[in-house]
Amino acid sequence: MNIDTLRTFLEVAKTRHFGHAAENLYLTQSAVSSRIKQLESLIGATLFIRQRNNILLTSAGERLLPHAENLLAGWQLAIQEAGVPTKQNTQISIGGTSNLWDTFLQSLLPRMASQFPNLYIRTEINNPQHLVRSLLGNRVDLFAALETPANSDIESQVIGELELIMVCNCQGRHIEDVPKLGHVFVDWGTAFNLQQARLFQEPVAPVLHTGQSHIALEFILSHKGAAFLPRALVEAYLESESLYQVEDSPMIKQQVFAVYKRGEDKSLSLGPIITMLQERDIKPDSALATLPLSDNDW
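This is a predicted model, so every value here is computed, not measured.

J.: Looking at this structure, how should I read the overall build of the chain?
T.: A tally of regular secondary structure across the chain gives twelve helices and eleven strands. Long-range pairs, those at least 24 residues apart, make up 72% of the contacts in the chain between residues at least 6 apart in sequence. Put simply, the chain shows about 15,800 Å² of open surface, and 49% of that area lies on carbon and sulfur atoms.

This is the structure we're talking about:
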C-alpha cells in the first residue's frame, strides 16, 4: 500500500471535493481520482458517492477513515522518531481547534520550547471530535478544548480563561442593532453559543460564521459586523477607536481545558508539561506577545 494513497483518501474525506483535495496535495484532479480508484480496487468497496453536488463517504469509507488516520499517523511518527536528534529525547503532539490556535496556543509553543529544551513538538489543528479520536488513537498526547469530552478514558484541567466581549466598528451600538450590523458568529463552544443565542429576541442569521477569531476581526475592521472576541485581542483596537464594545452586551468568560488520557498527568514525559500548563495563566495571543521572554518568565 502506497502511503500517498491513504493521504489522498483522507484529504478527499476532509474536503469532500476532488478538486480541492487535488489543490491541497499539489496534484491533478485525475491523479486524485486515480488514487481513489486504486484504493477502492484494493479494498473491494466504493469509498465515496456523489449526492446533491456533494461527495459523501460510503459506509465502507466511514469504516476505513479511523484506520487510515492511524496508519498515516503511525507512519509519520515512525519517520519523526527515526529522524529526531538524540538530544531531543522528549516528544509531544499537541492538538487544538483552529480558534484556540488562532487565539493563543501558537504563542505558547516558543515558551514551551524554552522551558523544555529537549522537547520535540508536533501540532494538529482539527475539530473536537477528530481530536478525541486522535487522543484515544495515540496520535496526539493532549489537546486544548473549550469543553471537556464525556469519556471515562479522558481527563482535563483548566489551563486558562478567555474574556470574550462583543465588538463592532461603529460607536454607540446596542444588542438590538446587531442584526443590522451583521452578526459575525465565532464558534466558542456549545455552552457559549447557547448563551450568545439568548441575547437576541429572535434568531439572527450570521453574515459570517467562522472558527477563527482573526478572520472575524479582519472582517469587522474592513467591512462591518459585530462579534464576540477575546478582550486581549481587541484591546488595542478599542483604545485607538477602530473598534467599539457593543453597549449593553455582556462580558462572558470561557474556560480553556487541557485534555489528555487518564493518568498521563502522572507520567514522566507528559506530566511536567501538563503541570506547566496548569500553573501558567494562559492568555490570548496578543497578550502573550507583549510579554518579554526571559529565564525567569516561567
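Following the structure, the description resumes.
J.: What am I meant to see in helix α6 (residues 128-136) here?
T.: Helical geometry: 3.6 residues make up each α-helical turn, so side chains three or four residues apart lie on a common side. Listed in full, the buried residues belonging to α6 are His 130, Leu 131, Val 132, Ser 134 and Leu 135. The distance from a side-chain oxygen at the start of α6 to the backbone nitrogen of Gln 129 is 3.2 Å, and the residue carrying that oxygen is Asn 127. Where α6 ends, the next residue or the one after it, Asn 138, has phi of about 65 degrees, a positive value.

J.: Would you mind showing me how to read the layout of surface pockets here?
T.: Any space left empty among the atoms is revealed by the rolling of a water-sized probe across them. Approximately 750 Å³ is the volume found for the largest pocket. For the lining of the largest pocket, the secondary-structure elements that each account for two or more residues are α1 (3-15), α4 (59-83), β4 (119-125) and α6. Classifying every residue of the lining of the largest pocket by side-chain character gives seven nonpolar, seven polar and nine charged. Considered as a void within the structure, the second largest pocket measures approximately 360 Å³ in volume. For the second largest pocket, the lining is made up of 21 residues, of which Thr 97, Pro 128, Leu 146, Asp 187 and Gly 189 are closest to its centre. Listing elements by their share of the lining of the second largest pocket, those giving two or more residues are α5 (98-115), α6, β5 (142-145), α8 (190-197) and β8 (208-210). For the lining of the second largest pocket, the per-class residue count stands at seven nonpolar, twelve polar and two charged.

J.: I'm lost on the pairing of β4 in this one. Help?
T.: The two faces of the sheet receive side chains in turn, since in a regular strand these alternate between them. Bridge analysis of strand β3 (residues 90-96) against β4 gives seven bridges, and the strand direction is parallel. Residue pairing in the sheet places Ile 94 in a bridge with Thr 123 of β4. Note on the crossover from β3 through α5 to β4: the handedness is right-handed.

J.: I tried to follow the pairing of strand β1 (residues 48-51) on my own but got confused; where do I start?
T.: Bridge count between β1 and strand β2 (residues 54-57): four bridges; the pairing is antiparallel. Each residue of the ladder has a partner; that of Ile 49, found in β2, is Leu 56. The turn joining β1 and β2, which pair antiparallel and follow one another in sequence, is formed by two residues; a positive phi near 50 degrees is taken by Arg 52.

J.: How should empty space enclosed by the protein be read in this particular structure?
T.: If you walk through the whole model with that rule in mind, you get one cavity of 30 Å³ or more. Quantified by volume, the largest cavity comes out at close to 70 Å³. Along the wall of the largest cavity there are 13 residues; nearest its centre are Ile 94, Leu 105, Leu 108, Leu 142 and Leu 277. Elements with a minimum of two residues in the lining of the largest cavity: β3, α5, β5 and α11 (271-279).

J.: Honestly, the packing of helix α2 (residues 18-25) against helix α3 (residues 29-43) in this entry has me stumped. Any pointers?
T.: How two helices sit against one another is set out by the angle between their axes and by the gap between those axes. Between α2 and α3, whose axes approach to 8 Å, the crossing angle comes to 105 degrees. When the interaxial angle is binned, α2 and α3 end up roughly perpendicular. Between α2 and α3, the contacting residues are Phe 18, Gly 19, Ala 21 and Ala 22 on the first element and Gln 29, Val 32, Ser 33 and Ile 36 on the second. Classifying every residue of the contact of α2 with α3 gives five nonpolar, three polar and no charged.

J.: Looking at this structure, I do not really get unusual backbone geometry. What am I missing?
T.: What is expected of a backbone is that most residues other than glycine have negative phi and most peptide bonds are trans. The backbone phi angle of Glu 241 is positive, close to 60 degrees, even though this residue is not glycine. Mapped onto the secondary structure, Glu 241 falls in the loop between α10 (231-239) and β10 (244-245). Residue Glu 241 is classed as exposed on the basis of its relative accessible area, which comes to 51%. Phi at Asp 248 is positive, roughly 60 degrees, even though this residue is not glycine. Secondary-structure assignment places Asp 248 in the loop between β10 and β11 (252-261). When its relative accessible area of 52% is taken as the criterion, Asp 248 is described as exposed.

J.: Quick question: what am I supposed to make of the packing of aromatic side chains here?
T.: Under the criterion given, the structure shown has three aromatic pairs. Centre to centre, the rings of Phe 18 and Phe 48 are 6.1 Å apart; their planes meet at 75 degrees, and the pair counts as edge-to-face. In this pair, Phe 18 sits in helix α2 while Phe 48 sits in strand β1, placing the two residues 30 residues apart along the sequence. Here Phe 18 falls in the buried class, since its relative accessible area comes to 11%. Both rings, one in Phe 192 and one in Phe 228, keep their centres 5.3 Å apart while their planes meet at 90 degrees; by these two values the pair is edge-to-face. Remark: Phe 228 occurs in strand β9 (residues 226-230) and Phe 192 occurs in helix α8; sequence separation between them is 36 residues. The rings of Phe 9, Phe 18 and Phe 48 are connected pair by pair, giving a single aromatic cluster.

What counts, and where the lines are drawn
- Each residue is numbered by its place in its chain's sequence as written, counting from 1.
- Restriction of local features to residues with pLDDT of at least 70 applies here, the model being predicted, together with a cutoff of 80 or more for giving and counting side-chain atom pairs; totals for whole chains, interfaces and linings are based on all residues.
- To obtain the side-chain values, all non-hydrogen atoms of the structure were used and water was disregarded.
- Strands here are runs of E lasting at least two residues and helices are runs of H or I lasting at least four, both read from the DSSP assignment and numbered beginning at the N terminus.
- Two residues form a contact once any of their heavy atoms are found within 4.5 Å.
- Only the protein chains shown count as covering a residue, and every accessible area follows the Shrake-Rupley method with a 1.4 Å probe.
- Per-residue accessibility, obtained with a 1.4 Å probe over protein chains only, is compared with the maximum for each type, and a residue is labelled buried under 20%, exposed over 50%, and partly exposed between these values.
- Definition of a polar contact: a pair of N or O atoms within 3.5 Å, with one able to donate and the other able to accept a hydrogen when the atoms are protein atoms, and with sequence-neighbouring residues admitted only if both atoms are side-chain atoms.
- Grid points spaced at 1 Å over the protein atoms alone were grouped into cavities, where a 1.4 Å probe fits but cannot get out, and pockets, open sets with protein on both sides within 12 Å along at least five of seven lines, with lining residues defined by an atom within 4 Å of a point.
- Grid points are joined across faces, edges and corners, and a volume is the space filled by probe spheres set on the points.
- Classification used: nonpolar for Ala, Val, Leu, Ile, Met, Phe, Trp, Tyr, Cys and Pro, charged for Asp, Glu, Lys and Arg, polar for all others including Gly.
- Here, strands pair whenever DSSP counts at least two bridges between them.
- Seen with its strands pointing away from the viewer, a crossover is right-handed when the path leading from the first strand over the helix to the second is clockwise.
- Here, axes are lines fitted to C-alpha atoms. For helices the fit covers the stretch in contact, and angles between N-to-C directions go from 0 to 180 degrees.
- Note on angle classes: values under 35 degrees are labelled roughly parallel, values over 145 roughly antiparallel, values of 65 to 115 roughly perpendicular, and the remainder oblique.
- Each pair of aromatic rings taken from Phe, Tyr and Trp, with Trp reduced to its six-membered ring, is defined by centres within 6.5 Å and is described as stacked if the planes are under 30 degrees apart, edge-to-face if over 60, and tilted in the remaining cases.

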